[in-house]
Amino acid sequence: MRIALLGAGTVASGVVRVLQRNQDELCRRAGRGIEVVAVAARNAAKARQALGEGLPMHADFLALATREDVDIVVELMGGLEPARELVLAAIRAGKHVVTANKALLAHHGNEIFAAAQSHGVVVAFEAAVAGGIPIIKAVREGLAANRIEWVAGIINGTTNFILSSMREQGLDFASALAKAQQLGYAEADPGFDIDGVDAAHKITLLCAMAFGVPVQFQRAHVQGIRDLDGADIRYAEQLGYRIKLLGLTRRSQQGIELRVHPTLIPSARLMANVEGAMNAVMVQGDAVGPTLFYGKGAGAEATASSVIADLVDITRLHTADPEHRVPHLAFQPGALADTPILPMSQVRTSYYLRIHVRDEAGVLAEITRILAEQGMSIDALLQRPSGENDQHTDVILLTHETLEWRMDEALARIQALDSVLAPVVRLRKEELR
Ligand code: NDP
Ligand code: HSE
């Protein structure tokens with residue numbers, strides 16, 4: 001199989017290295033050799049430095065993506081354009097495509113998969129979700145017997161690395177991010193990592209595959225870790241929880257939840273102990289029960305592992321009738337459901353609240369009265385001195401589950417109390433039972 005690489009950065013360098021190192025073994029698995037015949041790069045000198053000297057470099061990406069003698073185009077550039085145009089051109093030219101680009105698929109997946117379907121080619125994207133973990137294959141094939149109930153994952157290595165470094169080594173946010181960038185984990189724009197956008201791209205793809213619905217990134221609720229305060233990480237720990245950036249999609253009677261936000265997870269759960277750039281994804285199926293997939297979520301060779309698995313898959317299935325291939329999004333394209341993605345106000349979850357108040361008689365009673373009037377039950381409560389002023393204190397509350405709109409209403413009333421001195425911090429909590 002003759003491969004063209006578009007892009008010559010971190011992941012491309014891993015793909016070239018692993019393909020060279022494991023060529024014999026791969027040939028035995030796939031039934032024939034897999035060879036990179038050319039690379040498209042806008043800076044040939046930089047590309048040679050990353051990929052080595054031997055590979056032919058091209059500046060014309062479109063010409064390479066549609067070249068007669070290429071069987072599979074591997075898009076490793078990132079971003080929406082020109083990646084979208086190049087992938088569509090490759091598909092129209094009858095090439096199979098492998099991509100690690102979750103942003104592209106979260107925004108344009110419906111268009112790209114439809115084009116692939118009509119041209120009888122495969123678009124494979126194992127590397128786009130959770131780096132080296134074969135979660136796409138697991139959800140699409142290994143768990144095909146199940147009615148999937150929910151999927152929850154730590155699916156951004158950069159933010160998990162930052163949270164771990166802050167908690168374990170006391171690094172500040174900026175130094176932890178710089179280290180993640182140095183190690184090749186971060187997106188070209190690290191704002192995508194920190195603000196939860198990258199995790200939202202990934203959970204959007206898992207949502208489509210778990211529930212058989214179209215890709216709907218624009219409906220996802222997205223909140224990152226930029227504003228997370230170290231005090232909340234410490235208070236959560238005292239209450240028996242760790243804070244992780246969690247991507248979560250869950251099916252309920254009303255519709256589908258699709259959300260990314262910092263989340264308290266009980267410290268005893270395996271998920272709470274996923275550290276550094278490692279990722280983990282839990283999938284709850286009605287037949288299998290809970291499953292957990294763990295591994296490196298980012299980095300050159302871990303990601304290459306997934307890209308090359310796709311190359312092997314395509315090589316094995318190259319001659320199969322397109323009608324008999326595994327559907328891109330797990331469900332047959334004509335059998336997608338129109339189950340709505342729920343607005344955040346309709347999501348049901350439990351909460352962590354930190355309320356900075358004047359330390360005087362009756363304050364706690366006022367807060368708990370409002371929560372009770374909104375039908376909310378308290379699970380745990382902590383009071384800690386805060387800051388220089390001994391007249392002020394932090395009240396930290398964990399609630400049982402409620403609907404988000406009820407919490408919104410309660411928080412508006414609590415925030416309006418004279419005794420509340422700063423914006424209330426609200427984080428969501430998931431028990432992952
Ligand atoms: P890099 O930034 O290291 O490499 C991107 C490559 O594409 C570079 O060669 C870059 O050229 C080139 N490129 C980018 N934009 C353009 C453009 N507009 N025109 C021409 N060339 C372009 O990225 P990564 O290798 O880290 O990531 C590649 C893809 O893999 C992304 O979609 C990313 O989200 C995904 N991914 C990355 C993982 C990781 O751990 N790094 C893990 C899983 C997925 P130049 O060097 O000149 O800028
Ligand atoms: N920037 C991404 C992360 C790369 O940190 O997880 C893997 O998709």
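Higher on the page you've got the structure.
Note that the structure is predicted; figures quoted are calculated from it, not measured.

**Student:** What should I look at first to understand the pairing of strand E15 (residues 392-399) in this one?
**Tutor:** Regular strands have side chains that alternate between both faces of the sheet. Across the eight residues of E15, seven count as buried, placing the element largely inside the fold. With seven bridges joining them, strand E13 (residues 348-358) and E15 adopt antiparallel strand pairing. Looking at E15, one finds that Arg-354 is bridged to Ile-396. Bridge count for strand E14 (residues 378-385) against E15 is seven bridges, and the pairing is antiparallel. Bridge pairing in E15 links Ile-378 to Thr-399. In this antiparallel pair of consecutive strands, E14 and E15, the connection spans six residues, and Gly-387 shows a positive phi of 70 degrees.

**Student:** Where do I start with helix H15 (residues 404-415) in this structure?
**Tutor:** Three- or four-residue spacings in an α-helix give side chains the same orientation, since the helix completes a turn every 3.6 residues. With twelve residues, H15 should cover 16 Å at 1.5 Å per step; its first-to-last C-alpha distance of 16 Å lies within 8% of that length. Those residues of H15 that sit buried are Glu-404, Met-407, Ala-410, Leu-411 and Ile-414. With its buried residues spanning 120 degrees around the axis, H15 presents them on a single face.

**Student:** Mind showing me how you'd approach the packing of helix H1 (residues 10-21) against helix H13 (residues 300-317) here?
**Tutor:** Helix packing geometry: the angle between the two helix axes and the distance between the axes. It is the contact of H1 with H13, at a shortest axis distance of 8 Å, that shows an interaxial angle of 65 degrees. Between H1 and H13 lies a crossing whose hand is right-handed. When H1 is examined against H13, the residues Thr-10, Val-11, Ser-13, Gly-14, Val-15, Arg-17, Val-18, Leu-19 and Arg-21 are found in contact with a partner set consisting of Ala-300, Glu-301, Thr-303, Ala-304, Val-307, Ile-308 and Leu-311. When the residues that make up the contact of H1 with H13 are grouped by side-chain class, the tally is nine nonpolar, four polar and three charged.

**Student:** Even after reading the chapter, I still don't get the packing of helix H14 (residues 363-373) against H15, so can you show me in this structure?
**Tutor:** Put simply, H14 and H15 touch, their axes get as near as 9 Å, and they point 155 degrees apart. Classified by the angle their axes make, H14 and H15 are roughly antiparallel. As for the relative orientation of H14 and H15, their crossing is right-handed in sense. Where H14 abuts H15, its residues Ile-367, Arg-369, Ile-370, Leu-371 and Glu-373 lie against Ala-410, Arg-413 and Ile-414.

**Student:** In this structure, what is going on with the site of ligand 2? I would like to understand it.
**Tutor:** Near ligand 2, the surroundings consist of Lys-102, Asn-156, Gly-157, Thr-158, Tyr-185, Ala-186, Glu-187, Asp-193, Asp-198, Lys-202, Gly-297 and Ala-298. In this structure, Thr-158 approaches ligand 2 through a side-chain N or O atom, which is 2.6 Å from an oxygen atom. For ligand 2, an oxygen atom lies 2.8 Å from a polar atom in the side chain of Lys-202. Burial of ligand 2 by the surrounding chains reaches 93%, relative to a free accessible area of 250 Å². Spatially, ligand 2 is embedded in the largest pocket. Its residues placed into classes, the shell around ligand 2 shows three nonpolar, four polar and five charged.

Criteria and cut-off values
Residues numbered from 1 in each chain as written. Chains lettered and ligands numbered in written order. Predicted model: local features only at pLDDT ≥ 70, side-chain atom pairs only at ≥ 80, totals over all residues. Heavy atoms only, no water. Buried < 20%, exposed > 50% of the residue type's maximum accessible area, 1.4 Å probe, protein only. Helix = DSSP H or I, 4+ residues; strand = E, 2+ residues; numbered from the N terminus. Pairing = 2+ DSSP bridges. Expected span 1.5 Å × (residues − 1). Arc of directions from axis to C-beta. Axes fitted to C-alpha atoms, helices over the stretch in contact; angles between N-to-C directions. Left-handed = near helix turned anticlockwise from the far one by under 90°. Contact = heavy atoms within 4.5 Å. Nonpolar A, V, L, I, M, F, W, Y, C, P; charged D, E, K, R; others polar. Parallel < 35°, antiparallel > 145°, perpendicular 65-115°, else oblique. Near = heavy atom within 4 Å. Polar contact = N/O pair within 3.5 Å; in protein donor to acceptor, adjacent residues only side chain to side chain. Areas by Shrake-Rupley, 256 points an atom, 1.4 Å probe, with all protein chains shown as cover. 1 Å grid on protein atoms, 1.4 Å probe; cavity = no way out; pocket = protein on both sides within 12 Å on 5 of 7 lines; lining within 4 Å. Sits in = over half its atoms within 2 Å of the grid points.

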